[in-house]
Amino acid sequence: MAVGDRPKDAPPGGGYALTTLEAMIAWGRKYSIYPFTFATACCGIEVMGAFGTHYDLSRFGAEVVRFSPRQADMLLVAGTVNYKMAPVLVRIYEQMLEPKWVVAMGACASSGGFYNNYSVLQGIDKIIPVDVYIPGCPPNPEGIIDAVVILQKMMETGAPRASERWPIKI
Ligand code: SF4
């Protein structure tokens, strides 16, 4: 059979694709991420940059920001989270439906940053599971794009989410 010839048992009317339902759902999910941004400080400005025309997060299918956590599957925490705000963040996380992913953007969300004091949570992973950390103070919009690409790979491969390992067992 020459290259390009159709096999004899090919269905009439065109080609066909072989896949699994799980792979098809994962393919659709990775190109339709719905972010919910929890921005409390300066990192939020870089988030706006990521959604703007220059960086254009829509190229990755992740530009439709939801304003209800019930409609989002990616929680992007950008900025300092203090102890008074912590229960609000937990409530928002719990309102999101499964499957969901969490991104800690910047030094403050990841570890408290340089606010090592009595009022600032030293990393949101003290209260909710985190899938991707973006380093920097502030990270630039490329960091957010990198995080989205990592999440897409997790969705595509079915890599375990942080919530599946939560609470952390040692
Ligand atoms: S990591 Fe830096 S830029 Fe981001 S919220 Fe903290 S202080 Fe601001």
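In the block above lies the structure referred to throughout.
Each chain has its residues counted from 1, running along the sequence as written. Side-chain atom pairs in this predicted model are given and counted only at pLDDT of 80 or more, local residue features only at pLDDT of at least 70, and totals for whole chains, interfaces and linings cover all residues. No hydrogens and no water enter the side-chain calculation; it runs on all heavy atoms of the structure.

Looking now at the overall build of the protein. Going along the chain from the N terminus, every DSSP run of H or I of four or more residues is numbered as a helix, and every run of E of two or more is numbered as a strand. In terms of regular secondary structure, the protein is built from five helices and four strands. Secondary structure elements of the protein occur, N-terminal to C-terminal, as α-β-α-β-α-β-α-β-α. The classification of residues rests on relative accessible area computed with a 1.4 Å probe and restricted to protein chains. Under 20% of the type maximum is buried, over 50% is exposed, and intermediate values are partly exposed. Split into buried and exposed, the 170 residues of the protein put 39% on the buried side. Once local pairs closer than 6 in sequence are excluded, the contacts in the protein between residues at least 24 apart make up 75%. The contact rule is simple, with two residues in contact once any of their heavy atoms fall within 4.5 Å.

By the secondary structure assignment, Gln152 is in helix 5 (residues 141-157). Given the relative accessible area of 7%, Gln152 is considered buried.

The term salt bridge refers to a side-chain nitrogen of Lys or Arg lying within 4 Å of a carboxyl oxygen of Asp or Glu. On inspection of all chains with the given rule, the structure shows three salt bridges. Of the charged contacts in the structure, one is a salt bridge between Arg161 and Glu98, with a shortest N-O distance of 2.5 Å. Pair noted here: Arg161 is in the segment after helix 5 and Glu98 is in the loop between helix 3 (86-95) and strand 3 (101-105), with a separation of 63 residues, a long-range link. By relative accessible area, which is 14% here, Arg161 ends up buried. Overlapping salt bridges bring together Glu98, Arg161 and Glu164 as one network.

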